[in-house]
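# Notes for the structure review
Okay, here's what each chain looks like letter by letter:
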Amino acid sequence: MIPSFTTSASQMMSKWGELVSPKGSFELDVWHHLQTLASDAISRTAFRSDYEEGKRIVELQRELAEHCVQALASVFIPGLRFLPTKRNRRRRQIAKDVEDSIREIISFRMNSIRAGEACEDDLLGILLESSSQEINNHESKDFGMSIEEVIDECKQFYFAGKETTSALLVWTMILLSRYPDRQAGARDCWRNCLVNCVFVQLDKSSIQD
């Protein structure tokens, strides 16, 4: 899946390159960009052949997470989550849209597998292929993963990956800016492995708490 990560990162770096001033430097709040990078990478690795639909699912998941955070931050009133408030209706609609979209992609992929086509090498393809092999080996649908379990795995892949990945990248950049010798060593190491890449010089004076 490295090519998927490379594509997402290259697109982000290209956008950063367009922001460079004639003086050769600029300041940028990277948090939003790194969150977008994580979401984009998850879309590609989870739903590679259905990238656009996967991107829509990731955006819906992001909105759903925001509604959940707002609900946790508000005053707890027993039974409030069952009332047809605007937020509750939107949250239920998002959950339904996400499940329906993933279910539709799964159905299309399963039909392709039954037709003898090779599985895609993304997360969804790996899950479906593994489940199909388990069912075939035991000749019973009691083995393998159910459609609901596959849907839950795809949703969990987003929730477990987006925030942790973007936070890890931010802290990596902060630590590299605080220790220039490590930054130089990492840059030299990657320069020996990669070509035609844009290397960003990190300055700890521009890092704010």
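Up top you'll find the structure we're talking about.
Bear in mind that the values here come from a model prediction, so they are computed numbers and not experimental data.

## Topic: the overall build of the protein
Per the secondary structure count, the protein includes seven helices and zero strands. Counted from the first residue to the last, the protein has its helices and strands arranged as α-α-α-α-α-α-α. In the protein, which comprises 209 residues, the proportion classed as buried is 30%. Nonlocal contacts in the protein, meaning residues at least 24 apart in sequence, comprise 62% of its contacts between residues at least 6 apart.

## What about the side chain of S43?
Inspection of the secondary structure assignment puts S43 in helix α2 (residues 30-46). What makes S43 buried here is its relative accessible area of 1%. Within the structure, S43 has its side chain in polar contact with the backbone oxygen of S39 (distance 2.9 Å).

## Some remarks on the nonpolar core
Of all hydrophobic cores here, the largest spans 18 residues; its most connected members are F47, I102, I106, L124, V150 and C154. Looking at this core element by element, the count peaks at six residues for helix α4 (residues 86-114). Counting residues in each nonpolar core, the second largest holds eight residues, with M12, W16, M173 and I174 among its members.

## With respect to the packing of helix α5 (residues 123-138) against helix α6 (residues 147-178)
Relative to each other, α5 and α6 sit at 150°, their axes nearing to 11 Å. Taken together, α5 and α6 sit at an angle that is classed as roughly antiparallel. Here α5 runs over α6; the crossing is right-handed. Two secondary-structure elements touch here, α5 through L123, L124, L127 and L128 and α6 through V150, E153, C154 and F157.

## Let's talk about α5
Spanning 16 residues, α5 covers 23 Å between terminal C-alpha atoms, matching the ideal 22 Å at 1.5 Å per step. Buried residues belonging to α5 abut α2, α4 and α6.

## Description of empty space enclosed by the protein
Within the structure shown, the criterion is met by one cavity of 30 Å³ or more. Of the pockets and cavities examined, the largest cavity occupies roughly 50 Å³. As for the largest cavity, its lining consists of I42, A46, F47, I57, V58, Q61, I102, C154, K155, F157 and Y158. Contributing elements (two or more residues each) for the lining of the largest cavity: α2, α3 (51-73) and α6. Here the lining of the largest cavity gets four residues from one element, more than from any other, and that element is α6.

## Focus on the pattern of salt bridges
Here the structure, examined in full by the defined rule, presents four salt bridges. Two residues, D100 and K96, come together in a salt bridge whose shortest N-O distance is 2.8 Å. With a gap of four residues between them, D100 and K96 both fall in helix α4, about one helical turn apart. Salt bridges sharing partners connect three or more residues here, namely E99, R103 and E148.

## Quick notes on the environment of I126
Its place among the elements puts I126 in helix α5. When the C-alpha positions of I126 and A46 are compared, they lie 9.4 Å apart, and in sequence the two are 80 residues distant.

## Things to note about the packing of α6 against helix α7 (residues 180-193)
Each packed pair of helices is defined by two parameters, the angle between the axes and the distance between the axes. Interaxial distance between α6 and α7 falls to 5 Å at its minimum, and their mutual angle equals 110°. In terms of axis orientation, α6 runs roughly perpendicular to α7. Residues L176, S177 and R178 of α6 lie in contact with α7, whose contacting residues are P180, R182 and Q183. Looking at the contact of α6 with α7 residue by residue, the class counts come to two nonpolar, two polar and two charged.

## Concerning a nonpolar patch on the surface
Residues M1, I2, F5 and I126 make up a contiguous nonpolar surface patch of about 390 Å² in total accessible area. By secondary structure assignment, the location of M1 is in the segment before α1 (2-18). M1 sits in the partly exposed class, given a relative accessible area of 36%.

Criteria and thresholds
Residues numbered from 1 in each chain as written. Predicted model: local features only at pLDDT ≥ 70, side-chain atom pairs only at ≥ 80, totals over all residues. Heavy atoms only, no water. Helix = DSSP H or I, 4+ residues; strand = E, 2+ residues; numbered from the N terminus. Buried < 20%, exposed > 50% of the residue type's maximum accessible area, 1.4 Å probe, protein only. Contact = heavy atoms within 4.5 Å. Polar contact = N/O pair within 3.5 Å; in protein donor to acceptor, adjacent residues only side chain to side chain. Core = buried A, V, L, I, M, F, W, Y, C linked by side-chain atoms within 4.5 Å. Axes fitted to C-alpha atoms, helices over the stretch in contact; angles between N-to-C directions. Parallel < 35°, antiparallel > 145°, perpendicular 65-115°, else oblique. Left-handed = near helix turned anticlockwise from the far one by under 90°. Expected span 1.5 Å × (residues − 1). 1 Å grid on protein atoms, 1.4 Å probe; cavity = no way out; pocket = protein on both sides within 12 Å on 5 of 7 lines; lining within 4 Å. Points joined across faces, edges and corners; volume = space filled by probe spheres on them. Salt bridge = Lys/Arg side-chain N within 4 Å of Asp/Glu carboxyl O. Nonpolar A, V, L, I, M, F, W, Y, C, P; charged D, E, K, R; others polar. Patch = residues over 30% accessible without salt bridge, like charges linked within 9 Å, V, L, I, M, F, W, Y side chains within 5 Å. Areas by Shrake-Rupley, 256 points an atom, 1.4 Å probe, with all protein chains shown as cover.

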